[in-house]
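Observations on the model geometry
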Amino acid sequence: MSDPIDAPVTLAGIARIAGVGRAAVSNWRRRHDSFPTPVGGTDTSPLFSLADVERWLYAHGKIERIGRRERLWPHYEALGDRAVMGAALAEAGRRLLAAEGVDWAVPEQCFRSEEAARVVDKTVDVARHEGGREIFDFLLSRWLDAHVRQVSATPAPLARLMADIAVAVGAGGPGGVDAGATVLDPACGVGGLLLAAGEGMEERGVEANSTAPALLGVDLDPALAALAAARLGFARADGGGMTAEIKVGDSLRADPHGAVLADVVLCNPPFNARDWGHEELATDPRWVYGLPPRTEPELAWIEHALARLAPDGVAVLLLPPAVASRRAGRRIRGALLRTGSLRGVVALPAGAAQPHSVSLQLWILRAPASDGRTALGEHLFLLDAATSSGTFRGAQGVDWPRLSGQVLDAVQAHSWSGGQQAGAGERLPERCITVPVMDLLDEQTDLTPARHVPETAIEAQGKHHQSWGRLDGLLDEVRGHSRTLAAIDLSAGGDAASTVTVSDLDRAHALKLRHGQTLPGELLHGDVLPPGAVPALSVPDLIQGGVPGGWLTAAEVEKGVGTGSLTMAEPGDVVVVGVERAYRVWVQVDTPLVLGPQLYALHPDPELLDPWFLAGCLRAPANARQAGSHTSSSARIDVRKLQVLQFPLARQRPYAEAFRELLALEESLRSVAAVGEDLVRGLGDGLAAGRLH
C-alpha cells in the first residue's frame, strides 16, 4: 500500500484512482472530516498527498487496490513542467526499449532533475510487472490529456484514414505505393501519423511479402520528437520490421531530412503559425507555386510537402477549412489546380480533430511523374463528409468506422491515374463529385466541398425535419418567455425612479470602467480559434457578423494586459459598444474577450451591482439615445452618460431576472427568424426542383 516516493495528486487524479467522478470526491471532502487535508495548490485546485489519499481510500472501502500505473502518474504530474514530464517519459521509453533488447535511436533529452531521474527509475521498475509498452502508452495518453491545449495529437482513427487514403491514391499511379515505401511527416508531434502508416503498410506487406516501411519524422519540440521515436520503437519491439528516424528541427526553415524524397508525406501541420519564416524563406526554391503569404502558413506546408515527394508520390495533409477559400491563397490554389498537384479535398465532420468545433479538411496532393508529365485539365475530386447523415454518435463524437468507410469507398471509386479525362463519367458515392478544374479557376478559386457538392433529396428532407423540430422547440421557448414577461406589471405610478450615471458609479467605485484599445494587427491570427487562445472583438466585427474576427495567444494577452496596451473583458463583466449603429450591451459569460476601440468593459462590484441589472439598464434604447452624440452617421455613445437605476442590491435582483428573461426572448425570436428563413429557402428550392411527393 505505501508509496516509497510520495507525490501530490489533484481532485481529478483522486477521481481517476477511485474510478468515480470528480463530484463524488468533492462530496467525500464535505461529508468526511477525516478526508486528507491539502498539502499544496490553491483553494480552487488543491493538491493532496498520494500516500494519505491512498490510505484514506483503503480505510473507507472506496477501492480494493490501486494499480501500479495509477500510482505512477501523479509522480509525473509532480514534475510540473510539460517539457520535463515529456523528457522523463521519453527517457523511460528509451530505457524500457533497451531492456527489451531493441536498439532504437531516441533524440537526447536534457533533463537534469534528480526528481525526474527517480520517476524514470520508478517507471522502469513498474514496467517489470505491467509491461513496457503498456506503461508507456498509458503514461503517454495521460500526458497528452494533461496538455491537450499545448499538444495537438492526430486521433488514431484519423491518422489511419489519412494513411489509407495515401495508399489508395498511390495505388492508382504507375508504381503504386509499396509496403516498403518511405513515409515522411515534417511536423510529426508524438508520431501518430507515422505509427498509423507503418502499421498499415506492414499489414499489407505481410500479405505481399514486401520489405518494411521506412518512417521519417521531424518536430521542432525536442520532447515531442523523443516521444515519437520511443513510440515507434515500441511498435518495432512488438515484432514490426519498420525502421524510423526522428529528428529535431524546423522543417520549413532547415529540414533535417531535406535530402530525402519520400513516397508518402502525411502531415497535420500547426495552424495559423505566423512565425513560419516568411521573410527569410522568400527566395526558397520550394515555392514553385508562388511565395505563400505570411498569413497563409498552411500553404507553405503544402508546397513543402510537394517538394519532399518522390515522382508520383502522394501527400495527405489535415488543414483548416479557410485554406480552401481565403482570398490571400487564391493564386497558389489556382497554381496547384493548373499543374494537377492538388487532386482532392475531403471535408471532415466537426470533432474529427482539434480544433473540434471546426470541420477540417484533408487535401490530397500528388507529385509529377518521373517523366515530368502533369495532369492538366484534370477534374478535382471533392467529398463532403462533413454533413453526411449518421456520421455522429451524439456526444461520443465521430462514428469513425462509418466515416472511414464512406471516405475510403469514395476514394477507391475514383480514378487517380491522371490524364485529360480523369474523373469524367465516373459513378461516385453520394456527397462526392469531380469538378473540372477550369470551372474552379474563377475570382475566388473556392475549393470548399460543400460549395460544389449537390445536396441529395434525402438529405434535404432530413434537414427539413430537423428544422421543423427546431422551430417547434423555439416557438415553445418563445411562449414560455412570453408568459413570464406578460405577467410583469408596469403600471406602478408615483415619482420617477432616481438614476445615477456610469461616470458617477465609476467614481464611487461601484464599478470599474475600462476602454478598449487598438488591436495590434501583427498579433491577430486567422479564423480558427486554437485551444487556450483569447478571441479579440472590434466594432467592425459586430457590424459585419457579430463574432470576433481574430484571436491572440494567452501569452500575448497576458503581456498586453500587463503593459496596459490591451483591455480584456472577464466573465461577469458588462461589455458596452460605444457606437450608435452597433449599440449593444451584454454580460460576458463564457470566456475572456480582448476589446478593440469604442468597446468598453464595466466590472461591477458584486456587493453593490448585479451585472445583469446593470446590463439591462444600459441596453435600453432610450438610454442610448440620450447618451448619443447625434453629430454624424457614425454617432458615438458617451458610455459615461448612460443612466442606471439607483436601487439597492436586493431590489436589483428581480429586475436582473426580468432583464435576463427579456434577453432570452430576444435571442429566441432571432433564432426563430433564422430557422424560418432557412425553411422558406429550402422548401422553395425543393418545390422549384420538382421534389413534391
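To be clear, the structure that these remarks concern was listed above.
Attention here is on the structure that accompanies the text. (Residues numbered from 1 in each chain as written. Predicted model: local features only at pLDDT ≥ 70, side-chain atom pairs only at ≥ 80, totals over all residues. Heavy atoms only, no water.)

Attention now moves to the packing of aromatic side chains. In the structure shown here, the tally under the stated rule is 10 aromatic pairs. Of the aromatic side chains, those joined through ring pairs into one cluster are Trp28, Phe35, Phe48 and Trp56. In this arrangement the basic side chain of Arg651 is found over the ring face of Phe647, its NZ or CZ atom lying 3.8 Å from the centre. (Phe/Tyr/Trp six-rings, centres within 6.5 Å; stacked < 30°, edge-to-face > 60°. Lys NZ or Arg CZ within 6 Å of the ring centre and 35° of its normal.)

Here we come to the sheet that holds strand β17 (residues 567-569). The four strands are arranged β16-β15-β20-β17 in an open sheet whose pairing can be described as mixed. Each edge of the open sheet carries a strand with a single partner, namely β16 (550-552) and β17. With direction set aside, neighbouring strand axes in the sheet form an average angle of 40°. Relative to strand β20 (residues 593-595), strand β15 (residues 534-537) runs parallel, the two sharing two bridges. Within β20, the residue paired with Ala536 across the bridge is Val594. (Pairing = 2+ DSSP bridges. Helix = DSSP H or I, 4+ residues; strand = E, 2+ residues; numbered from the N terminus. Axes fitted to C-alpha atoms, helices over the stretch in contact; angles between N-to-C directions.)

At a minimum axis separation of 9 Å, helix α5 (residues 82-99) and helix α6 (residues 114-130) run at an interaxial angle of 40°. With respect to their mutual orientation, α5 and α6 come out oblique. Judged by the sense of rotation from one axis to the other, the crossing of α5 with α6 is right-handed. Across the interface between the two elements, Val84, Ala88, Glu91, Ala92, Arg95 and Leu96 from α5 touch Ala116, Val120, Asp121, Thr123, Val124 and Ala127 from α6. Grouping the constituent residues of the contact of α5 with α6 by class yields eight nonpolar, one polar and three charged. (Parallel < 35°, antiparallel > 145°, perpendicular 65-115°, else oblique. Left-handed = near helix turned anticlockwise from the far one by under 90°. Contact = heavy atoms within 4.5 Å. Nonpolar A, V, L, I, M, F, W, Y, C, P; charged D, E, K, R; others polar.)

Here the focus is the side chain of Thr154. With respect to the helices and strands, the residue Thr154 is situated in the loop between α7 (132-146) and α8 (156-170). The exposure class assigned to Thr154 is buried, which follows from its relative accessible area of 14%. In this structure the side chain of Thr154 is engaged in a polar contact, spanning 3.0 Å, whose partner is the side chain of Asn268. (Buried < 20%, exposed > 50% of the residue type's maximum accessible area, 1.4 Å probe, protein only. Polar contact = N/O pair within 3.5 Å; in protein donor to acceptor, adjacent residues only side chain to side chain.)

In the structure shown here, the tally under the stated rule is 27 salt bridges. Between Glu296 and Arg326 there is a salt bridge, with its nearest N and O atoms 2.7 Å apart. Taken as a pair, Glu296 in the loop between β7 (262-267) and α12 (297-307) and Arg326 in the loop between β8 (309-319) and α13 (330-338) lie far apart in primary sequence, 30 residues in all. When its relative accessible area of 15% is taken as the criterion, Arg326 is described as buried. (Salt bridge = Lys/Arg side-chain N within 4 Å of Asp/Glu carboxyl O.)

So, on to helix α4 (residues 68-78). Burial in α4 covers these residues: Glu70, Arg71, Leu72, Trp73, Pro74, His75 and Tyr76. In the segment just after α4, Gly80 is the residue with positive phi, at about 80°.

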